[in-house]
Structures are given as C-alpha cells and as structure tokens.
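Residues per chain, in single letters:
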Amino acid sequence: SDVYQCSEMFDHVGAAGTFDRLHADHKIVLSLASAHSRISCIIAVLTVVGGKELPELIEPISVRMDRVQRFMQLFDPRKICYVCLFELTNISSVC
C-alpha cells in the first residue's frame, strides 16, 4: 500500500522546505512532524527558491516563517516548535 503508516514517536522531529506558499503538501509534512514528536518540532524554512515555478508569487521569508509557526501551533500549543531560517546558496548542495 502507498498509504503512509508509521506509529513511531520521537522526542524531537525536524522538517525543512521552502514553504513558498503554505499549501496542502506542506501541511502534510508539518502535520506528520507534529504528530510524531513528543516534545518539539524543528522546522527549517529554506531561503533558496531557485527553480521554482512562478518565483514572483513566492512570499517573503518573514511571512513564510510566520505562517509555518502559526500552522504548527494549531496542533498542540504546548509543544515546542522552533521555526528557523536556513540559508542555502545553491540548491544542488542538498541531497
């Protein structure tokens, strides 16, 4: 089955992405990070958006970080959620 099935829990979970516009795919990633963490989530918002379609529609980094933070608080406001900026100079450096 292609359905995601994982019941394992971790103290801390990390996720990263450009979160260029918070859409359904981003929300799935963030939801899974929250669902599988007991204590905290660390979310890295990447600055590099090269290669994205319609780059003129990409929101400013401060808006993206705020939207991610607010979305994460919907799950459990008591859970620690660090939203940090991660600057990349070249997307090809990420494997």
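The text that follows walks through the structure, step by step, so that each part is easy to find. Each chain carries its own residue numbering, running from 1 in the direction its sequence is written. Local features in a predicted model are, by the rule used here, given only for residues with pLDDT of at least 70; side-chain atom pairs are given and counted only at 80 or more, and totals for whole chains, interfaces and linings are based on all residues. Where side-chain values are given, they derive from all heavy atoms of the structure, hydrogens and water being excluded.

Re the pairing of strand β1 (residues 10–17)
Inspection of the sheet shows β1 paired to strand β2 (residues 37–46) by 7 bridges, in the parallel sense. Paired with A16 across the two strands is A44, which belongs to β2. Here is how to tell: hold the view so the strands point away, follow the path from the first strand over the helix to the second, and if it runs clockwise the crossover is right-handed. Strands here are runs of E lasting at least two residues and helices are runs of H or I lasting at least four, both read from the DSSP assignment and numbered beginning at the N terminus. In the classification by handedness, the crossover that spans β1, the intervening helix α1 (residues 24–35) and the parallel β2 is right-handed. We call two strands paired when DSSP finds no fewer than two bridges between them.

Observations regarding the nonpolar core
One recurring pattern in soluble globular proteins is that nonpolar side chains are buried together. What we call a nonpolar core is a set of buried Ala, Val, Leu, Ile, Met, Phe, Trp, Tyr and Cys residues that are connected through their side-chain atoms within 4.5 Å. Each residue's exposure class comes from its accessible area (1.4 Å probe, protein chains only) as a fraction of the maximum for that residue type: buried when under 20%, exposed when over 50%, partly exposed otherwise. Judged by nonpolar contacts, the single largest core of 14 residues is most densely connected at L30, I43, V68, M72 and V83. Of all the secondary-structure elements, those providing two or more residues to this core are β1, α1, β2, α2 (61–73) and β3 (80–86). Counting residues per element, this core draws most heavily on α2, which supplies 4 residues. Whether two residues are in contact is decided by their heavy atoms: any pair within 4.5 Å suffices. Apart from the residues within four sequence positions on either side, V68 is in contact with F19, L22, L30, I43, V45 and V83.

Structural notes on unusual backbone geometry
A positive phi angle is found at F19, which is not glycine, with a value near 45 degrees. Structurally, F19 can be placed in the loop between β1 and α1.

Re the environment of G14
Considering the arrangement of structural elements, one finds G14 in strand β1. For G14, a relative accessible area of 58% corresponds to the exposed category. In sequence terms G14 and S34 are 20 residues apart; their C-alpha atoms lie 9.3 Å from each other.

With respect to the sheet that holds β1
The strand order across the open sheet formed by 3 strands is β1-β2-β3, and the pairing between neighbours is parallel. What marks the edges here is a single partner per strand, and that holds for β1 and β3. Sheet twist, expressed as the mean angle between neighbouring strand axes with direction ignored, is 15 degrees. Relative to β3, β2 runs parallel, the two sharing 7 bridges. Along β3, the bridge assignment pairs I43 with V83. Docked against the sheet, α1 engages β1 and β2, running at close to 150 degrees with respect to β2. Comment: axis = line fitted to C-alpha atoms, over the contacting stretch for helices; angle = value between 0 and 180 degrees taken between N-to-C directions.

Observations regarding the packing of aromatic side chains
Under the pairing criterion, centres of Phe, Tyr and Trp rings, with the six-membered ring standing for Trp, must be within 6.5 Å; the plane angle then separates stacked pairs below 30 degrees from edge-to-face pairs above 60, leaving the rest tilted. Inspection of the entire model under this criterion finds 1 aromatic pair. Between F71 and F75, the aromatic rings sit 5.2 Å apart at their centres with planes inclined by 80 degrees, giving edge-to-face as the arrangement.

Points about a nonpolar patch on the surface
Candidates for patches are residues over 30% relative accessible area with no salt bridge; among them, like charges are joined within 9 Å and nonpolar side chains (Val, Leu, Ile, Met, Phe, Trp, Tyr) within 5 Å. For accessible areas, the Shrake-Rupley method is used with a probe of radius 1.4 Å. Any residue's cover is judged against the shown protein chains and nothing else. When a carboxyl oxygen of Asp or Glu lies within 4 Å of a side-chain nitrogen of Lys or Arg, that pair is called a salt bridge. Taken together, the side chains of I39, I42, I80 and Y82 define a hydrophobic patch exposed on the protein surface, amounting to about 340 Å² of accessible area. Broken down by secondary-structure element, the contributors of at least two residues to the nonpolar patch are β2 and β3. Considering the arrangement of structural elements, one finds Y82 in strand β3.

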